[in-house]
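What follows is the residue order along each chain.
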Amino acid sequence: MVLLLFSLLIILPTIFSWGTVAEKNFNLKICDGISGKLFSGIFCLTVFLNILSFFTGFTIYLEILILFIGLFFFIKNHTYKDFLCFFKKTNLLFYVFALICIFCASFYPFILDHFGYYVPTIKWLREFGLVKGISNLDLTLGQMSSWHILQSGFSHLSDPFLRINLILLIAYLIYIFETKRWIHLSFVPAMLLFSQSPSPDLPAFIFSLIIINEILGKTKINSSLLAFGIFAFTIKPTMIWLPLFIIIMMIIEKKISLKAILPGFLIFGIYIIKNLWVFGYPLFPMALFDLNLPWKPNPEIMKMSSEYALLKTYDAQYSLQQIAHFSFQEKITNWLFLQGIKSVFNIGLIIFLLFYGIFSFIKKEKIHLILFLSLVTKSILIISFSAQYRFFLDVFPIIILAVLYSENLRKISFTVCAVGSLLVLSFFINPQILRILIPSFRLGNTMGKFEIIQFYKPSEYQPTDFESFKIGNVKVNVSKKYPFNFETPVPAISESFMFNYKNFGISPQLIDSKNLKRGFIWKKLSNQEKKELDNAIKTIQSNYQQEN
């Protein structure tokens, strides 16, 4: 906790200073106050690092430069006065909830994507920046979320434990206590579950809640809100409903213009170029709008990914053959009534949408009707591609906020936040409680136990052993008896990919054997490469493959 507090003391003033510059020079502001400058700073730095990542990796020298510039102007321009003013005058409960956030962030990461996607992405960005065609090495790395680009910029010195979500969560707390929109406190306990990892879900949730809160508060819809809405989409593409909602509102209110959409269009353009560079298609993970780029992923790999997403839709409780023979009615009912906790979210989605639809038509206010249609559009798209419950979790807090926005729920919100936070803390301290109460919640099995050392530094898992294999002109590192590569040196792949390469008769190869930064393509295995791959698989099977 002590080291996390130091991270806060360094990073918060830095992004505040960058946000002050963004507001003054680019008129970029999502909301007023200290929190508005913090969010603008996050936006500004993320866009800056996104552009920079095309050309270079993120070294410690770059991080020192970012911190120096931020802290220098924080002091020189006396912006620290406004910053410190909030902390002197704020409610004592702010510090109580902030302390809970810091404590929760000190626990072991437990989201599986932390090991299979977040950390490997950050390692690549730190060493090389965006690598062309990296999805040929590991399709998952083709996502390269903007949030991980921001995390990479602070991952050497100021946040080596990758707790950037804690920074955002504290900024969100500041926003709540500044605006006194206490209903937002009700969402904080659920957000604590995302505080140990740089999960892009948290910024997507928080930015969407803030934007909707500002619009419900009669804030004029302008280019900044659209830019932030598209920014949330680039962090988590399942937030497609947010820019859709803002654009429709701008059209109806006749606020749409080239000047209004230009900042958002530029953010979207960077996102598309980034996807084309690392993935080969404009929209990850869909093979749409094929430009026939030579580094796009193998079609069989893409097909396998699509099939895996379909299996995940039904929580792997049915085979592909069974799903293929479902009637339309069976597809819906089997999805709604899956075994375990996921069916609760699936049924809850339908109930919440129906309730909000009725509420919107009763209220007869355009903002609610458009928001409802935007959420329905997003839900239909998600269900069509991969109806995993985690892809529509944002729908629940948005509907709760929209329905209860005008209600005075101060006492209830404080109570929900306090009780909910204590429950989450109890789950972290003793994960066995969660495993007993909700055995179908598999992430409960990956929660590490509380350790006294957390009061000084956050808990981290130790690196796993690995083995290196050469296939063609690329040398890959594979973790030993572990399916992920969170600390395995790049280029690292999971052992399952080795079997996929053999099945499909392909392998990733360097475009330039002397320069990894030039990127990857896929090619058919030659006889020599087949022998190298077979030998690697034999080694994995005998020594490294995970036991079932």
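Our subject is the structure that appears above.
Worth saying up front: this structure is predicted, and the values here are computed from it rather than measured.

Colleague: Outline the layout of surface pockets, supporting the account with residue identities and numerical values.
Modeller: Its volume calculated, the second largest pocket comes out at about 820 Å³. Every residue lining the second largest pocket is counted, 31 residues in all, and those nearest its centre are Phe-26, Asn-27, Leu-28, Ser-223 and Ser-224. Of all elements in the fold, only helix H1 (2-26), helix H2 (33-52), helix H8 (164-179), helix H11 (223-235) and helix H13 (258-278) reach the threshold of two or more residues within the lining of the second largest pocket.

Colleague: Now, about the pairing of strand E4 (residues 506-510): what can you tell me, with residues and values included?
Modeller: Extensive coverage of E4 is indicated by the burial of five of its five residues. Neither face of E4 is open: one carries Ile-506, Pro-508 and Leu-510, the other Ser-507 and Gln-509, and all of them are buried. Relative to strand E5 (residues 520-524), E4 runs antiparallel, the two sharing five bridges. Directly across from Ile-506, in E5, lies its bridge partner Lys-524.

Colleague: Explain helix H20 (residues 410-429) to me, and be specific about the residues and the numbers.
Modeller: Its 20 residues place the ends of H20 28 Å apart at the C-alpha level, agreeing with the 28 Å of an ideal helix rising 1.5 Å per residue. Of the residues making up H20, those classed as buried are Ser-413, Phe-414, Cys-417, Gly-420, Ser-421, Val-424, Leu-425, Phe-427 and Phe-428. All buried residues of H20 lie within an arc of 160° about the axis, which places them on one face of the element. The exposed set on the far side of H20, more than 90 degrees from its buried face, consists of Lys-411, Ile-412 and Leu-422. Summarising the contacts, the buried residues of H20 are in contact with helix H5 (92-105), H8, helix H9 (188-191) and helix H21 (432-437).

Colleague: Quick one: what's the story with empty space enclosed by the protein, residue by residue and with numbers?
Modeller: Per the stated rule, a full pass over the model turns up five cavities of 30 Å³ or more. Reported here for the largest cavity is a volume of approximately 90 Å³. Ser-135, Asn-136, Ile-301, Tyr-501 and Ile-506 are, among the 14 residues lining the largest cavity, the residues nearest its centre. Elements that contribute at least two residues to the lining of the largest cavity include exactly helix H22 (495-504) and E4. Sorting elements by how many residues they give to the lining of the largest cavity places E4 first, with three residues. By residue class, the composition of the lining of the largest cavity is nine nonpolar, four polar and one charged. Its volume calculated, the second largest cavity comes out at about 70 Å³. What lines the second largest cavity is simply Thr-46, Val-47, Asn-50, Ser-146, Phe-231, Thr-234, Ile-267, Ile-270 and Tyr-271.

Colleague: Any details on the packing of aromatic side chains? Residues and values, ideally.
Modeller: Taken as a whole and judged by the stated rule, the model has 53 aromatic pairs. Both rings, one in Phe-72 and one in Phe-73, keep their centres 5.1 Å apart while their planes meet at 85°; by these two values the pair is edge-to-face. With relative accessibility at 39%, the residue Phe-72 sits in the partly exposed group. We classify Phe-73 as partly exposed; its relative accessible area is 31%. The cationic tip of Lys-132 hangs over the ring face of Trp-295; the distance from NZ or CZ to the ring centre is 4.9 Å. Sitting over the face of the ring of Trp-182, Arg-410 holds its NZ or CZ atom 5.5 Å from the ring centroid.

Parameters at a glance
- Residues numbered from 1 in each chain as written.
- Predicted model: local features only at pLDDT ≥ 70, side-chain atom pairs only at ≥ 80, totals over all residues.
- Heavy atoms only, no water.
- 1 Å grid on protein atoms, 1.4 Å probe; cavity = no way out; pocket = protein on both sides within 12 Å on 5 of 7 lines; lining within 4 Å.
- Points joined across faces, edges and corners; volume = space filled by probe spheres on them.
- Helix = DSSP H or I, 4+ residues; strand = E, 2+ residues; numbered from the N terminus.
- Buried < 20%, exposed > 50% of the residue type's maximum accessible area, 1.4 Å probe, protein only.
- Pairing = 2+ DSSP bridges.
- Expected span 1.5 Å × (residues − 1).
- Arc of directions from axis to C-beta.
- Contact = heavy atoms within 4.5 Å.
- Nonpolar A, V, L, I, M, F, W, Y, C, P; charged D, E, K, R; others polar.
- Phe/Tyr/Trp six-rings, centres within 6.5 Å; stacked < 30°, edge-to-face > 60°.
- Lys NZ or Arg CZ within 6 Å of the ring centre and 35° of its normal.

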